[in-house]
Amino acid sequence: MRDLNIQLSLLNRRFGGRVELREIDWSCLDLINRHGPLSPSELARWIGVHPATLTGVLGRLQKGGWIVRERDRASSDKRAVIVHAVHERNSMLFEAFAGMSERMDELCARYSEAELEVIADFLRRTGVAGFESAEELAE
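The structure presented is a predicted model; accordingly, all values stated were derived computationally and were not measured. Every chain's residues receive numbers from 1 upward, in the order its sequence appears when written. Only residues with pLDDT of 70 or above have their local features reported here, since the model is predicted, and side-chain atom pairs are shown and tallied only from 80 upward, although totals for entire chains, interfaces and linings are computed over all residues. Side-chain metrics rest on all non-hydrogen atoms present in the structure, leaving aside hydrogens and water.

A. Region of the structure containing the overall build of the protein. A tally of regular secondary structure across the protein gives seven helices and two strands. Sequence-ordered secondary structure for the protein, helices as α and strands as β, is α-α-α-α-β-β-α-α-α. Dimensions of the protein, computed from the C-alpha atoms along their principal axes, are close to 55 × 35 × 25 Å. Exposed residues in this analysis have more than 50% of their type's maximum accessible area, buried residues have under 20%, and partly exposed residues fall in between, with area computed by a 1.4 Å probe over protein chains only. Expressed as a percentage of its 139 residues, the buried residues of the protein come to 23%. When contacts within the protein are restricted to residue pairs at least 6 apart in sequence, long-range pairs at least 24 apart make up 51% of them. Accessible surface is estimated by sampling points in the Shrake-Rupley manner with a 1.4 Å probe; for residues, cover comes only from the protein chains shown. Looking at the protein as shown, the accessible area adds up to about 10200 Å², and 54% of this sits on carbon and sulfur atoms. Neither His nor the chain ends contribute to the count of charged residues, in which Lys and Arg are positive and Asp and Glu negative. Charge positions are represented by NZ for Lys, CZ for Arg, CG for Asp and CD for Glu. Side chains of the protein give 19 positive and 22 negative charges; the mean places of these two sets differ by 8 Å. Numbering of helices and strands runs from the N terminus, with a helix taken as a DSSP run of H or I at least four residues long and a strand as a DSSP run of E at least two residues long. Working rule for contacts: check all heavy atoms of both residues, and any pair within 4.5 Å makes them a contact.

What follows is the structure in C-alpha cells.
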C-alpha cells in the first residue's frame, strides 16, 4: 500500500504539472466533478482544509476555467454559493490520464468478474479506512 501511495502521488504531481493544477486543486476539482455541485463549506470539509485555504483554491480553479461559482438559489442566505465543474474541460483531464486508463484496462482484463468484485470491495473498504483514519487524526 505504501508503494502504491508513492506511485499515485508521483502520478498526481506529474498529472497536475501537465494540466497546470496543484495537487490540492486537482483533488478539489475531482470531488466537484464526482459529487458536485458543492458548497465551498462542504468541499472544505471533504478535502480537510480551512475555508480560507479553499478560497484560494477555488480562485485558481475559476481563473483556470475549471469551475464556476453561482449563487445557491436553494439557500435563504443571499451570499451562499455553489461550485460547479466546467465539464467541457474534462477532455483535457481524460487526455492526460489516457496512458494510465489504458494500463488499467489491460490490467483489469486479466481478472475475472468475481475477482474484480473482490478487488473493488477491497478498494472501497481501503477508502473508508483511509477516510476514518483521516477523521481520527483531525480530532
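Structure's up, so let's keep going.
B. Seen up close, the pattern of salt bridges. Just to be clear on terms, a salt bridge is a Lys or Arg side-chain nitrogen sitting within 4 Å of an Asp or Glu carboxyl oxygen. Tallied over the full model, the rule gives four salt bridges. Between D25 and R60 there is a salt bridge, and its shortest N-O distance comes to 2.7 Å. Placement of the pair is D25 in helix α2 (residues 23–35) and R60 in helix α4 (residues 51–63), with a sequence separation of 35 residues. Note on D25: relative accessible area 3%, which makes it buried.

C. A look at the layout of surface pockets. Roughly 1800 Å³ of internal volume is contained in the largest pocket. Of the two site types, the cavity is a set of points on a 1 Å grid over the protein atoms alone where a 1.4 Å probe fits but cannot get out, and the pocket is an open set with protein on both sides within 12 Å along at least five of seven lines, each lined by residues with an atom within 4 Å of a point. Along its surface, the largest pocket is lined by 36 residues, and L8, N12, D30, R34 and G127 are the ones closest to its centre. Elements that contribute at least two residues to the lining of the largest pocket include exactly α1 (2–19), α2, α3 (40–47), α6 (98–108) and α7 (113–138). Among the elements that take part in the lining of the largest pocket, α7 stands out by supplying eleven residues, more than any other. Grid points are joined across faces, edges and corners, and a volume is the space filled by probe spheres set on the points.

D. A look at the packing of α2 against α3. Axis angles are defined between N-to-C directions and span 0 to 180 degrees, where every axis is a line fitted to C-alpha atoms and, for a helix, only to the segment in contact. Relative to each other, α2 and α3 sit at 120 degrees, their axes nearing to 11 Å. With respect to α3, the element α2 is oriented oblique. The element α2 and its partner α3 pack so that their crossing is right-handed. For the pair α2 and α3, contact is made by S27, C28, L31, I32 and H35 and by L43, W46 and I47, respectively. Class assignment of the residues belonging to the contact of α2 with α3 gives a composition of six nonpolar, two polar and no charged. Oblique is the label for any angle not under 35 degrees, not over 145, and not in the 65 to 115 range, which are roughly parallel, roughly antiparallel and roughly perpendicular in turn. Crossings are classed by handedness, with left-handed meaning an anticlockwise turn of the near helix from the far one by less than a right angle and right-handed meaning a clockwise turn. Under the scheme applied here, ten amino acids are nonpolar (Ala, Val, Leu, Ile, Met, Phe, Trp, Tyr, Cys and Pro), four are charged (Asp, Glu, Lys and Arg), and all others, including Gly, are polar.

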